[in-house]
Amino acid sequence: QAQLVESGGGLVQAGGSLRLSCAASGRTFSSYTMAWFRQAPGNEREFVAGISSSGGVTYYANSVKGRFTISRDNANTVYLQMNSLKPEDTAVYYCAADTAGWRIRADINVYSYWGQGTQVTVSS
């Protein structure tokens, strides 16, 4: 059964860094666009960053541009390097796979596979 598993979340002080990982198993995700979303308490799930199947194209939400970097390797893993973290980055972070499109899309409804999420807490 295909699944995505996130790891790397935790508690960090403002200005610190974390690196999230998303390991895919059960099928090959290397041909799919992948993305990271996040959801803070009381808020809707929002797009954070996306990466094309080749890894050559990336796209970021304005709120994280210049601080976060999405990448992927050939071993079915997607990463999110988060630097200069702010308290407003506190959320559960999810990775997701878009199996139907080739463009990076911020629409939550186009992603067909989701991980269980990993908590990121940034203290002030």
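Details of the structure are given in the entry above.
Residues numbered from 1 in each chain as written. Predicted model: local features only at pLDDT ≥ 70, side-chain atom pairs only at ≥ 80, totals over all residues. Heavy atoms only, no water.

Caption draft 1: Quick peek at the state of the cysteines. Taken as a whole and assessed by the stated rule, the structure comprises one disulfide. With a sulfur-sulfur separation of 2.0 Å, Cys-22 is cross-linked through a disulfide to Cys-95. Handedness of the Cys-22-Cys-95 disulfide follows from its S-S torsion of about 55°: it is right-handed. Pair noted here: Cys-22 is in strand 3 (residues 18-25) and Cys-95 is in strand 9 (residues 91-98), with a separation of 73 residues, a long-range link. You'll find Cys-22 and Cys-95 in the same group, each marked buried. (Disulfide = S-S within 2.5 Å. Helix = DSSP H or I, 4+ residues; strand = E, 2+ residues; numbered from the N terminus. Buried < 20%, exposed > 50% of the residue type's maximum accessible area, 1.4 Å probe, protein only.)

Caption draft 2: Spotlight on the sheet that holds strand 7 (residues 68-72). In spatial order, the strands read 1-3-8-7; together these four strands make up an open sheet with antiparallel pairing. Across the chains shown, the open sheet's two edge strands, defined by having one partner strand only, are strand 1 (3-7) and strand 7. Neighbour to neighbour, the strand axes of the sheet diverge by 15° on average, direction disregarded. Direction of pairing for strand 1 relative to strand 3: antiparallel, over a ladder of five bridges. Bridge pairing in strand 3 places Glu-6 opposite Cys-22. (Pairing = 2+ DSSP bridges. Axes fitted to C-alpha atoms, helices over the stretch in contact; angles between N-to-C directions.)

Caption draft 3: Focus on the packing of aromatic side chains. A complete count under the given rule lists eight aromatic pairs for this structure. Plain terms: the ring middles of Phe-29 and Tyr-32 are 5.7 Å apart, the flat faces sit at 85° to each other, and that makes the pair edge-to-face. A relative accessible area of 1% means that Phe-29 is categorised as buried. Summarising the aromatic geometry, the rings of Phe-47 and Tyr-59 are spaced 5.8 Å apart at their centres and angled 35° between planes, so their arrangement reads as tilted. (Phe/Tyr/Trp six-rings, centres within 6.5 Å; stacked < 30°, edge-to-face > 60°.)

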